[in-house]
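# Breakdown of the fold
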Amino acid sequence: METMRMFSPALARDLAALGRVNEDTSMESVLRGVTAAVAVGVPGCAGGTVELRREERLMISASHSDLIALVDRERALGEGPSVEASATGRNILVPDVLQDTRWPRYAATAVKHGVRSTLVLPITIDGATLILGLYAVRPGAFPGGTADPLAALLSEQLTVALANVSDYDEVLTDAAQLQEALAGRAVIDQAKGIIMHASGCSSEAAFDELRRLSQHHQVKVADLARLLVSEHQTKHGGALPS
């Protein structure tokens, strides 16, 4: 029951829903969903931010634009709870930014944006690091025991969500590459037909000629074929040799 008071049952449901991908799903949409879910599902939380760092790529999302400005300012200052959580790998709780003396410049910025208390959770998932920030407009909004069970729930659900998004992106990439390959093959066949019609050579000889020209001009065979087809259609009003 104590854990249930730390966050609503709807939070687990909303986080689990992020793992169900469709054509509109992206890493950005999942991160936005995380911030929206904690803003609604954690009592006292007025908004959330998430920073996802994977290799050299950094993505930042927030439930409110003011919080994006706060995170950007914190990174520029080089001090604050998110910076500390990222550097140490520890949960950082700020019960009241006006009473906390660790990061005075950050505190001034937080109060300017209406933030009085903060809980930041660093979560490592499959080589990626997420820094999740929860923000409240009143002091003492987050009980000291909130961090660990909330971090465990987020880690469990986001591991699934991010893995599903990555798998979905990989499928889309493979499909796009296959489509590109098929389109390239079709235009190469058209270019071969143009060469065969012009010189009376065989299909194999036409492809050899395309390959020779591509090597000579240091362009891909498919790109050379597109150029040849485009020039032929321009000269002949869009018609290809039958």
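Remember, it's a predicted structure, so these values are computed and weren't measured experimentally. (Residues numbered from 1 in each chain as written. Predicted model: local features only at pLDDT ≥ 70, side-chain atom pairs only at ≥ 80, totals over all residues. Heavy atoms only, no water.)

### Description of the nonpolar core
What counts is decided by this rule: Nine residue types can take part in a nonpolar core, namely buried Ala, Val, Leu, Ile, Met, Phe, Trp, Tyr and Cys, and a core is a set of them joined through side-chain atoms within 4.5 Å. Buried residues are those whose accessible area, probed at 1.4 Å on protein chains only, stays under 20% of the maximum for their type, while exposed residues exceed 50% and partly exposed ones sit between those limits. Each helix is a run of H or I in the DSSP string that is no shorter than four residues. Each strand is a run of E no shorter than two, and both are numbered from the N terminus. Residues are treated as being in contact if the distance between any of their heavy atoms lies within 4.5 Å.
Grouped together as the largest cluster of nonpolar side chains are 33 residues, with contacts concentrated most on Leu-130, Leu-134 and Leu-154. Per-element accounting of this core gives the leading share, eight residues, to helix α7 (residues 147–199). Apart from the residues lying within four places of it in its own chain, the contact partners of Leu-154 are Leu-15, Val-38, Leu-121, Ile-123, Leu-132 and Thr-159. Core analysis: the second largest hydrophobic core is formed by 16 residues, Ala-85, Val-94, Tyr-106 and Ile-131 among them.

### Structural notes on the environment of Arg-75
Within the fold, Arg-75 resides in helix α4 (residues 65–77). Separated by 31 residues in the primary sequence, Arg-75 and Tyr-106 place their C-alpha atoms 9.7 Å from one another. Look past the residues within four positions of Arg-75 in its chain and what remains in contact with it is Glu-51, Leu-58 and Ile-60.

### Points about the environment of Gly-47
In this fold, Gly-47 is placed in strand β1 (residues 47–54). When its relative accessible area of 2% is taken as the criterion, Gly-47 is described as buried. For Gly-47, the contacting residues outside a window of four places in its chain are Ala-39, Ser-63, His-64, Leu-67, Gly-133, Leu-134 and Tyr-135.

### Focus on the pattern of salt bridges
Worth spelling out the cut-off: Here a salt bridge means any side-chain nitrogen of Lys or Arg lying within 4 Å of a carboxyl oxygen belonging to Asp or Glu.
Overall, the coordinates contain five salt bridges when judged by the stated rule. We note a salt bridge from Asp-14 to Arg-13, for which the minimum N-O separation is 3.2 Å. Residue Asp-14 is classed as partly exposed on the basis of its relative accessible area of 25%. In this structure, the salt-bridge partner of Glu-79 is Arg-105, at a minimum N-O distance of 3.4 Å. Taken together, the residues span a long stretch of sequence, with Glu-79 in the loop between α4 and α5 (81–88) and Arg-105 in helix α6 (residues 104–112) at a distance of 26 residues.

### Topic: the packing of helix α2 (residues 9–17) against helix α3 (residues 27–41)
Note the threshold: For helices, the fitted axis covers only the stretch in contact; all axes are lines through C-alpha atoms, and the angles between them, taken along N-to-C directions, range from 0 to 180 degrees. Geometric relationships in this document are graded by angle, where less than 35 degrees denotes roughly parallel, more than 145 denotes roughly antiparallel, 65 to 115 denotes roughly perpendicular, and other angles denote oblique. For this classification, the nonpolar set comprises Ala, Val, Leu, Ile, Met, Phe, Trp, Tyr, Cys and Pro, the charged set comprises Asp, Glu, Lys and Arg, and every other residue, Gly included, is treated as polar.
Contact geometry of α2 with α3 gives a least axis separation of 9 Å together with a crossing angle of 170°. As the angle between them shows, α2 and α3 are arranged roughly antiparallel. Across from Leu-11, Asp-14 and Leu-15 in α2, the residues of α3 making contact are Ala-37, Val-38 and Gly-41. Tallied by class, the residues present in the contact of α2 with α3 amount to four nonpolar, one polar and one charged.

### Brief notes about the pairing of β1
Along a regular strand, successive side chains alternate from one face of the sheet to the other. In plain terms, the rule: By definition, two strands form a pair when at least two bridges between them are found by DSSP.
When you tally the buried positions in β1, you get six out of eight residues, the bulk of the element. Direction of pairing for β1 relative to strand β5 (residues 128–136): antiparallel, over a ladder of eight bridges. In the strand pairing of β5, Arg-53 is matched with Thr-129. Pairing analysis gives six bridges linking β1 to strand β2 (residues 57–62), with the strands arranged antiparallel. Among the inter-strand pairings, Leu-52 is bridged to a residue of β2, identified as Met-59.

### Side note on the sheet that holds strand β4 (residues 117–125)
Read from one edge to the other, the open sheet built from five strands follows the order β2-β1-β5-β4-β3, with strand pairing classed as antiparallel. In this open sheet, the two strands that pair with only one neighbour each are β2 and β3 (92–94). Here the average twist between neighbouring strands, direction ignored, is 10°. Bridge analysis of β4 against β5 gives nine bridges, and the strand direction is antiparallel. Residue pairing across strands places Ile-123 opposite Leu-130, the latter belonging to β5. Running over the sheet, α4 touches β1, β2 and β5 and is turned about 140° from β2.

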